[in-house]
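A structural walkthrough
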Amino acid sequence: MEHPFSERDLRRLEEVIHDARFASTAAASELIAPLAPHGTAAALTERECVFDHCAVLLFPATLAAGLRHLEARGLAPLRTVPSTVVRARLAERHGLDPADCEVHITRLRLELTGGRRHPAVEVFLFPRDSRAFDGRIEASESAHGFENHTAFVLARPSTPLLRRLVTTWHTEAGLLWEGGGHNPHEGGPDGSTVTYFVRDHRHPGRRRRFELHSAGDLRAATADLPRPAEAVRGVYAAWPSAGFTAA
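Below you will find a few notes about this structure. (Residues numbered from 1 in each chain as written. Predicted model: local features only at pLDDT ≥ 70, side-chain atom pairs only at ≥ 80, totals over all residues. Heavy atoms only, no water.)

Let us now look at the overall build of the protein chain. A count of helices and strands for the protein chain gives 8 helices and 8 strands. The C-alpha atoms of the protein chain give a radius of gyration of 18 Å, which matches the 18 Å a tight globule of 247 residues would have. Here the protein chain holds 247 residues, and the buried ones make up 51% of them. Split by element, the accessible area of the protein chain, about 11600 Å² in all, is 54% carbon and sulfur. Where the 30 positive side-chain charges of the protein chain centre and where its 31 negative ones centre are 2 Å apart. (Helix = DSSP H or I, 4+ residues; strand = E, 2+ residues; numbered from the N terminus. Rg over C-alpha atoms; globule rule 2.2 N^0.38 Å. Buried < 20%, exposed > 50% of the residue type's maximum accessible area, 1.4 Å probe, protein only. Areas by Shrake-Rupley, 256 points an atom, 1.4 Å probe, with all protein chains shown as cover. Lys, Arg positive; Asp, Glu negative; His and termini not counted. Charge placed at Lys NZ, Arg CZ, Asp CG, Glu CD.)

Opposite charge on two side chains allows them to pair when their charged atoms are near. As enumerated under the stated definition, the model contains 19 salt bridges in all. With its nearest N and O atoms 3.5 Å apart, the salt bridge here joins Arg206 to Asp19. With Arg206 in the loop between β7 (192–199) and β8 (209–215) and Asp19 in helix α1 (residues 7–23), the pair connects residues that are 187 residues apart, well separated along the chain. What makes Asp19 buried here is its relative accessible area of 14%. In this structure, Arg93 and Glu141 form a salt bridge, with 2.9 Å as the shortest nitrogen-oxygen distance. Residue Arg93 is located in helix α5 (residues 85–94), and its partner Glu141 is located in helix α6 (residues 135–144); the two are separated by 48 residues in the primary sequence. Judged by relative accessible area, which is 26%, Arg93 ranks as partly exposed. Relative accessible area serves as the criterion here: at 2%, Glu141 is assigned to the buried category. Connected through shared salt-bridge partners, Arg89, Arg93, Glu141, Glu147, Glu178 and Arg209 make up one network. (Salt bridge = Lys/Arg side-chain N within 4 Å of Asp/Glu carboxyl O.)

When you tally the buried positions in β7, you get 8 out of 8 residues, the bulk of the element. Of the two faces of β7, the one carrying Ser192, Val194, Tyr196 and Val198 and the one carrying Thr193, Thr195, Phe197 and Arg199 are both buried. Bridging between strand β6 (residues 175–183) and β7 involves 8 bridges; their strand directions are antiparallel. Its bridge partner being in β7, Trp177 is matched across the sheet by Phe197. (Pairing = 2+ DSSP bridges.)

Once that is clear, we can look at the nonpolar core. Ranked by size, the top nonpolar core spans 46 residues in total, and within it Phe152, Trp169 and Leu212 carry the most contacts. One finds Leu57, Val86, Val103 and Ala132 within the second-largest nonpolar core, a separate group that totals 14 residues. (Core = buried A, V, L, I, M, F, W, Y, C linked by side-chain atoms within 4.5 Å.)

The next point concerns the packing of helix α3 (residues 40–48) against helix α7 (residues 159–173). Between α3 and α7, the least distance of the axes is 9 Å, while the angle of their chain directions is 135 degrees. Here α7 runs oblique to α3, going by the angle between their axes. When you trace α3 past α7, the crossing you get is left-handed. Note on element contacts: α7 touches α3 through Leu161, Arg164, Leu165, Thr168, Trp169 and Glu172, opposite Thr40, Ala41, Ala42, Leu44, Thr45 and Glu48. (Axes fitted to C-alpha atoms, helices over the stretch in contact; angles between N-to-C directions. Parallel < 35°, antiparallel > 145°, perpendicular 65-115°, else oblique. Left-handed = near helix turned anticlockwise from the far one by under 90°. Contact = heavy atoms within 4.5 Å.)

Turning to the state of the cysteines, a few remarks are in order. Taken as a whole, this structure holds 0 disulfides when the rule is applied. The cysteine Cys49 is free of any disulfide, with Cys54 supplying the nearest cysteine sulfur at 14 Å. (Disulfide = S-S within 2.5 Å.)

Attention now goes to the packing of aromatic side chains. The geometry of an aromatic ring pair is captured by the separation of the ring centres together with the interplanar angle, meaning the angle of the planes. Scanning the model with the defined rule gives 8 aromatic pairs in all. Between the aromatic rings of Phe59 and Phe126, the centroid separation amounts to 5.8 Å while the plane-to-plane angle is 40 degrees, which identifies the pairing as tilted. Of this pair, Phe59 sits in the loop between β1 (49–58) and α4 (63–72) while Phe126 sits in the loop between β4 (117–125) and α6, placing them 67 residues apart in sequence. Site record: aromatic cluster; members linked through ring pairs are Phe152, Trp169, Phe197 and Phe210. (Phe/Tyr/Trp six-rings, centres within 6.5 Å; stacked < 30°, edge-to-face > 60°.)

The next subject is the pairing of β4. Where burial is concerned, most of β4 is hidden: 7 out of the 9 residues are buried. Sheet topology places β1 next to β4; 5 bridges connect them, and they run parallel. Looking at the pairing, Ala55 lines up with Glu122 of β4. By the bridge criterion, 7 bridges tie strand β3 (residues 104–111) to β4 in an arrangement that is antiparallel. Its bridge partner being in β4, Thr106 is matched across the sheet by Val123.

Quick look at the structure:
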C-alpha cells in the first residue's frame, strides 16, 4: 500500500515539528532575527509577541490517508478547515483555478515544555488526488517552502501597536508587509486580524515568512500604509534563483 506521504514530506514534517519545539522556548526577538539588539523592533517583539505556530505545506495521497497518518503518530490533528489564503496563493503562483485547488488546514498538538500541549504546528494539506494537483507544483513548493512561516500572537493587541510593528519590522528587520485581513468568525466576539510578512531577500535571515495574529478588527492599523506589492513580488521571484530552500 502506498504511504500517504512521500519521504521528502515526512522529512519536512519532522523538520517543522522540531522547529516548533525550538520556537516554543526561544525568545520572540530571536525568531525574527537579525534585529538590532536594542532597537524598537526587538523591544516590541520581545514584549508583545508570543509564539503560536510553525507551518508547512504537505502533499498526502488523499486527505483522509494523510490525517490517519498524523493521528497514528499521536499528533492529534485538529478538525480540518478549508484554506482560503493558501489556496489563492497557490492558484496565483502556479496559474491554477482556485476552485480546483483543494487545500485544507489542520493543527498538530505537540507536547511542549512544562507538560503543556499546544497546537504548535500548522499543516496545509494539498492532496495528490485533487484536480489541480501536479507533480511540478509539489516539487517547487517542497523545494522552496513558499508557505513555511512562523506565527505570533499579539498578547495585548491594539491598532497603534500593530502599526508600529509593521513599520519597525520593515525598517529594522527587512520584513515586507504582504497583506492580511479580518476574520469575523475566529478569535472572539470581534473576530481576529492576521497580517503577513516576507523577508526582503537583501536582508538575510533564517526565517523568511511570518504571520501576526491579533484579536479584534485591527485593519485600521495598515489602512493608509502603502503595501509594497512590487517589492513582495520581487522577493518571491528571486527566492528560487537565490538558492532558498525550505528550512
